[in-house]
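Observations on the model geometry
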Amino acid sequence: AIATHDVGLAREALIRAQGADRSVELELLYRWPSERLVTVAREMGVPVGFYVPYGELLLMFAVRHLLTHPRKLTRGNYLRSWLGRDASV
């Protein structure tokens with residue numbers, strides 16, 4: 001399986017895996033932008049799986065993402081959207 005949300009990297013990795021005559025699947029993290037990646041996978045005939053973190057893992061992913069992309073904190077309601085809660089609550 002190939003797990004990334006980088007479109008260019010996903011395309012290149014899928015091409016290499018298919019060129020090596022390997023069975024491959026694209027794995028994506030649920031609630032992250034994925035429309036372009038799903039399109040790439042469909043064009044290449046590759047199945048897509050979604051990883052759904054929950055419990056402590058969900059918080060770990062959210063915190064790690066914020067540590068690597070701190071500017072997203074200024075977008076408001078970031079953690080609420082990650083935790084699946086309505087931002088208006």
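Our structure is the block above this text.
The rules behind each value
- Residues numbered from 1 in each chain as written.
- Predicted model: local features only at pLDDT ≥ 70, side-chain atom pairs only at ≥ 80, totals over all residues.
- Heavy atoms only, no water.
- Helix = DSSP H or I, 4+ residues; strand = E, 2+ residues; numbered from the N terminus.
- Buried < 20%, exposed > 50% of the residue type's maximum accessible area, 1.4 Å probe, protein only.
- Contact = heavy atoms within 4.5 Å.
- Pairing = 2+ DSSP bridges.
- Right-handed = clockwise from strand over helix to strand, strands pointing away.
- Axes fitted to C-alpha atoms, helices over the stretch in contact; angles between N-to-C directions.
- Parallel < 35°, antiparallel > 145°, perpendicular 65-115°, else oblique.
- Left-handed = near helix turned anticlockwise from the far one by under 90°.
- Nonpolar A, V, L, I, M, F, W, Y, C, P; charged D, E, K, R; others polar.

Thoughts on the overall build of the protein
- Helix and strand counts for the protein stand at four helices and three strands.
- Mapped from its N terminus to its C terminus, the protein presents α and β elements in the order β-α-β-α-β-α-α.
- For the protein, with 89 residues in total, the buried portion stands at 30%.
- Look at the contacts in the protein between residues 6 or more apart in sequence, and 39% of them connect residues 24 or more apart.

Details of the environment of Ala1
- With respect to the secondary-structure elements, Ala1 resides in the segment before β1 (2-3).
- Its relative accessible area of 71% is what places Ala1 among the exposed residues.
- For Ala1 and Leu14, which are 13 residues apart along the polypeptide, the C-alpha to C-alpha distance reads 9.2 Å.
- The contact partners of Ala1, leaving out residues within four places of it in the chain, are Glu25 and Glu27.

Here we look at the sheet that holds strand β3 (residues 48-51)
- Taking strand neighbours across the sheet as the criterion, the three strands line up as β1-β2-β3 in an open arrangement whose pairing is parallel. Two strands lie at the open edges of the sheet, namely β1 and β3, each paired on one side alone.
- Relative to β3, strand β2 (residues 26-29) runs parallel, the two being bridged by four bridges. By the bridge assignment, Leu26 is partnered in β3 with Val48.

Structural notes on the pairing of β2
- In this structure, β1 lies alongside β2, joined through two bridges in parallel fashion. Looking at the pairing, Ile2 lines up with Leu26 of β2.
- This β-α-β element, β1 to helix α1 (residues 7-19) to β2, shows right-handed connectivity.
- In the classification by handedness, the crossover that spans β2, the intervening helix α2 (residues 35-44) and the parallel β3 is right-handed.

Here's the deal with the packing of α1 against α2
- Where α1 contacts α2, the two axes come as close as 10 Å, and the packing angle between them is 20°. Between α1 and α2, the angle is such that the two are roughly parallel. As α1 runs across α2, the sense of the crossing is right-handed. Of the residues in α2, those in contact with Val7, Ala10, Arg11, Leu14, Ile15 and Gln18 of α1 are Arg36, Leu37, Val40, Glu43 and Met44.
- Here the contact of α1 with α2 is composed, by residue class, of seven nonpolar, one polar and three charged.

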